[in-house]
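# Descriptive structure summary
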Amino acid sequence: MRCALFATLCLLLCQAATAEIFMYRTPGGHTVFSDRALSTPGLIAANYAARRGPRKFDPATLIRPTLASRSVHIGPQRQAVELMIDRLAPQYALDPALVKQVVAAESAYRTDARSSKNAQGLMQLIPATAERFGVQNPWDAEQNLRGGMSYLRWLLGQFRGDVRLALAGYNAGEGNVSKHGGVPPFAETRHYVAGIIGRYGKTQHPYTVTAD
């Protein structure tokens, strides 16, 4: 009985430490907690916030990394992917912590994730981006990560290490960032950028200018 009460108290404290918790269940019966609404196919909304969806975007006034805001569901697949990111990211001169936040936001670490726009795999590569960076099989975890990291490194080079603009380009396309002279005024993109920056805690990243 005491264990059950302790577990309930811990859950309530975790919920209080974050702005909002979105809870989902997978087809296999696992529970996934996130600080942002997820649209991954197969996930079933399991609380009010998840059923309602994201609130209207409010620009963040403070940037600070918070461990409590990260997804608390760590399974064997995620652990394997994180180890792969730790191995591959230095090859692309990328901070593994940034790549992990992008993967969490894009696919919740699901290798089989597919969006309504046909973005595929861990880093949600659309077919054109996959082809651009030499990805032959976007469902292969390593190929997908390499393609996504290549694109992220290129974006950081394009925007001179500005993490906000690189993330905005990853979500909405670099053309929209250039067109609007900064983060585009799209609610989804602003929510995406603010969420990752809030968890990553940095707005600048070392960069090198690379060709396509």
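Residues numbered from 1 in each chain as written. Predicted model: local features only at pLDDT ≥ 70, side-chain atom pairs only at ≥ 80, totals over all residues. Heavy atoms only, no water.

### Describing the overall build of the protein
- A count of helices and strands for the protein gives nine helices and three strands.
- The burial tally for the protein puts 42% of its 212 residues in the buried class.
- Counting contacts in the protein only where the partners sit at least 6 residues apart, residues at least 24 apart contribute 51% of the total.
- Accessible surface computed for the protein: about 11500 Å², of which carbon and sulfur atoms make up 56%. (Helix = DSSP H or I, 4+ residues; strand = E, 2+ residues; numbered from the N terminus. Buried < 20%, exposed > 50% of the residue type's maximum accessible area, 1.4 Å probe, protein only. Contact = heavy atoms within 4.5 Å. Areas by Shrake-Rupley, 256 points an atom, 1.4 Å probe, with all protein chains shown as cover.)

### Describing unusual backbone geometry
- Residues other than glycine seldom take positive phi values, yet Tyr109 does so here, at roughly 65°.
- In this fold, Tyr109 is placed in the loop between helix 4 (96-107) and helix 5 (127-132).
- Of the residues examined, Tyr109 reaches a relative accessible area of 2% and is grouped as buried.

### Section: the nonpolar core
- Leu145 and Met149 are the most contacted members of the largest nonpolar core, which has 40 residues in total.
- Contributions of two or more residues to this core are made by helix 3 (76-88), helix 4, helix 6 (141-158), helix 7 (163-172) and helix 9 (187-200).
- Ranked by residues supplied to this core, first place goes to helix 6 with eight residues.
- Setting aside its immediate chain neighbours within four residues, Leu145 contacts Val81, Met84, Ile85, Leu88, Val103, Leu122 and Met123.
- Tyr24, Ala37, Ala49 and Ala50 belong to the second-largest nonpolar core, a separate cluster that totals eight residues. (Core = buried A, V, L, I, M, F, W, Y, C linked by side-chain atoms within 4.5 Å.)

### Some points on the pairing of strand 2 (residues 31-34)
- Here strand 1 (residues 22-25) pairs with strand 2 via four bridges, running antiparallel. The residue of strand 2 that forms the bridge with Arg25 is Thr31. (Pairing = 2+ DSSP bridges.)

### As for the side chain of Glu82
- Tracing the sequence through the fold places Glu82 in helix 3.
- When neighbours within four sequence positions are excluded, Glu82 is seen to be in contact with Lys100 and Tyr109.

### Structural notes on the sheet that holds strand 3 (residues 44-45)
- On the basis of which strands lie adjacent, the open sheet formed by three strands has the order 2-1-3 and antiparallel pairing. Of all the strands in the sheet, the pair left with one neighbour each is strand 2 and strand 3.
- Direction of pairing for strand 1 relative to strand 3: antiparallel, over a ladder of two bridges. Counterpart to Arg25 in the pairing with strand 3 is Ile44.

### Examining the pattern of salt bridges
- Counted by the stated rule, this structure contains seven salt bridges.
- Glu142 is the partner of Arg146 in a salt bridge, and the nearest nitrogen-oxygen pair spans 3.1 Å. Remark: Glu142 and Arg146 occur in helix 6; sequence separation between them is four residues, near one turn of the helix.
- Judged by its relative accessible area of 26%, Glu142 falls in the partly exposed class.
- Linked through salt bridges whose partners overlap, the residues forming this network are Arg87, Glu142 and Arg146. (Salt bridge = Lys/Arg side-chain N within 4 Å of Asp/Glu carboxyl O.)

### As for helix 7
- Counting buried residues along helix 7, seven of its ten residues qualify, which places the element largely inside the surrounding structure.
- Three or more residues of helix 7 are buried, namely Val163, Leu165, Ala166, Leu167, Ala168, Gly169 and Tyr170.
- The inward-facing, buried residues of helix 7 contact helix 4, helix 6, helix 8 (174-180) and helix 9.
- The N-terminus of helix 7 is capped by Asp162, whose side-chain oxygen sits 3.0 Å from the backbone nitrogen of Arg164.
- Looking one or two places after helix 7, you find Gly173, whose phi comes out positive at around 95°. (Polar contact = N/O pair within 3.5 Å; in protein donor to acceptor, adjacent residues only side chain to side chain.)

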